[in-house]
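# Per-entry structural report
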Amino acid sequence: MKKMFFVMAVLVTALIGVAGCNQSHSPKSNNGGGGNTPILPGNYTVQSDLSCVAPLMKLDMAKGNPEKGDKPILKGTRATVDSDGNVMLTVQFIKSGVHVGTLPEVNTFIDPRKSKPGYYDMAGNKQNAVYTLSKAGDTATPPESDPDHAAGVQYVTSMSFPASKGKSEYFLWIYINSSFMGAQFSDGKGTAGPNEPNEHSKYAGKLTVDWSTLTKE
């Protein structure tokens, strides 16, 4: 009889131990992998913010002065995921306008003529990006001293480059021009100043992606 009670006690203890293990692991089975969940193949939209501050103009050339009605040149951002899980970001742009001091509205746009759009990869190296231009006849106005001032310039409407869900900040190599002046944006670790296209500048062009807003199209 004592032997039977001993065996029963051992079995009860083992069952309690198994139940305890199941309870301790149950939260992990409900979180779907958290932030490491892979993105399924397809097309997505995602919210982002582009900051391109030019101290000389005392404003963010990518945003202008929203309180004066200026619109950002960033139109939107899309993410395309292939069957291998590779992510490609496509950042869309418009030509816009900003108010600088007491000057009339100055149009702003990404000018590819002397500085092809690029990005900094995961290792911090500058790479060329795939980009598209506005249609013929849809132009922006460069500074008055520019030989294309009268004819206008076809501007960048999008650029695409590889991305990762684990990385939210990307530095872009873009030259934002205007009818007043222009500035090269990069990782901000250079020395070039305003009106120096395709030169490593001290102005950072930072794109911040909020992956939590990723939405399937």
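Residues numbered from 1 in each chain as written. Predicted model: local features only at pLDDT ≥ 70, side-chain atom pairs only at ≥ 80, totals over all residues. Heavy atoms only, no water.

## Side note on the environment of Pro-197
Cut-off, in case you're wondering: A run of H or I in DSSP becomes a helix once it reaches four residues, and a run of E becomes a strand once it reaches two; helices and strands are each numbered from the N terminus. Here, two residues are considered to be in contact whenever any of their heavy atoms come within 4.5 Å of each other.
Take Pro-197: it is sitting in the loop between strand 14 (183-185) and strand 15 (205-216). Placed 84 residues apart in sequence, Pro-197 and Arg-113 show a C-alpha to C-alpha distance of 9.0 Å. Setting aside anything within four residues of it in sequence, one finds Pro-197 in contact with Lys-114, Ser-115, Tyr-175 and Gln-184.

## Points about unusual backbone geometry
Note the threshold: Buried residues are those whose accessible area, probed at 1.4 Å on protein chains only, stays under 20% of the maximum for their type, while exposed residues exceed 50% and partly exposed ones sit between those limits.
A positive phi is found at Asn-195, a non-glycine position, where the angle reads about 60 degrees. For Asn-195, the position within the fold is in the loop between strand 14 and strand 15. Look at Asn-195 and you get partly exposed, because its relative accessible area is 48%.

## Overview of the pairing of strand 12 (residues 156-163)
What counts, and what does not: Strand pairing is assigned whenever DSSP detects at least two bridges linking the two strands.
Of all eight residues making up strand 12, six are buried, and the element is well covered by its neighbours. As paired elements, strand 4 (residues 87-93) and strand 12 share six bridges and run antiparallel to each other. Within strand 12, the position partnered with Val-87 by the bridge is Ala-163. As paired strands, strand 9 (residues 130-133) and strand 12 are joined by four bridges and run antiparallel to one another. Among the inter-strand pairings, Thr-132 is bridged to a residue of strand 12, identified as Ser-158.

## Here's the deal with the side chain of Thr-213
How we decide: Polar contacts, as counted here, are pairs of nitrogen or oxygen atoms within 3.5 Å of one another; within protein the pair requires one atom able to donate a hydrogen and one able to accept it, and residues that are adjacent in sequence qualify only if both atoms are side-chain atoms.
Note that Thr-213 resides in strand 15. Given the relative accessible area of 19%, Thr-213 is considered buried. Among the polar contacts made by the side chain of Thr-213, one reaches the main-chain amide nitrogen of Gln-47 at a distance of 2.9 Å. Aside from chain neighbours lying at most four places away, what touches Thr-213 is Thr-45, Val-46 and Gln-47.

## Describing the environment of Arg-78
Along the polypeptide, Arg-78 turns up in strand 3 (residues 74-81). With relative accessibility at 25%, the residue Arg-78 sits in the partly exposed group. A C-alpha to C-alpha distance of 9.8 Å links Arg-78 and Lys-216, two positions 138 residues apart in sequence. The residues contacting Arg-78, other than those within four sequence positions of it, are Asn-43, Tyr-44, Thr-45, Met-88, Leu-89, Thr-90, Gln-92 and Glu-217. At 2.8 Å, the side chain of Arg-78 forms a polar contact with the side chain of Glu-217.

## What to know about the side chain of Ser-96
Structurally, the position occupied by Ser-96 is in strand 5 (residues 96-98). According to the relative accessible area criterion, Ser-96 is buried, its value standing at 13%.

## Remarks on the packing of aromatic side chains
Counted only if it meets this: Centres within 6.5 Å make a pair out of two Phe, Tyr or Trp rings, where for Trp the six-membered ring is used; the pair is then stacked when the planes are under 30 degrees apart, edge-to-face when over 60, and tilted otherwise.
Enumeration over the complete set of coordinates arrives at three aromatic pairs. Measuring from ring centre to ring centre gives 5.8 Å for Phe-161 and Tyr-170, while their planes differ by 55 degrees; the resulting arrangement is tilted. The exposure class of Phe-161 is buried, given its relative accessible area of 0%. With 6.0 Å between their ring centres and 45 degrees between their planes, Phe-185 and Tyr-203 make a pair best called tilted. Here Tyr-203 lies in the loop between strand 14 and strand 15 and Phe-185 lies in strand 14, a separation of 18 residues in the sequence. Among the residues examined, Tyr-203 registers a relative accessible area of 6% and is labelled buried. By the ring-pair criterion, three or more aromatic residues cluster together here, those being Tyr-119, Phe-161 and Tyr-170.

## Notes on the confidence of the model for the protein
To be explicit about the condition: Each residue gets a pLDDT score, which is the predictor's confidence in that residue and runs from 0 to 100.
Chain-level statistics for the protein give a pLDDT mean of 85 and a share of 83% at 70 or above. The model gives residues 1-34 a pLDDT under 50, and that stretch makes one contact with residues more than four places away or in other chains.

## So, the nonpolar core
The nonpolar side chains of soluble globular proteins are, as a tendency, buried together. Heads up, the rule is: We call a set of buried Ala, Val, Leu, Ile, Met, Phe, Trp, Tyr and Cys residues a nonpolar core when their side-chain atoms join them within 4.5 Å.
In terms of nonpolar packing, the biggest core is built from 37 residues, with Leu-50, Leu-89 and Leu-207 touching the most fellow members. When residues of this core are traced back to their parent elements, those giving at least two are strand 1 (42-54), strand 3, strand 4, strand 6 (106-110), strand 12, strand 13 (169-178), strand 14 and strand 15. Sorting elements by how many residues they give to this core places strand 1 first, with five residues. Residues contacting Leu-50, with those up to four places away along its chain left out, are Asp-60, Ala-62, Lys-63, Ile-73, Leu-74, Phe-93, Leu-172, Ile-174, Lys-206 and Leu-207.

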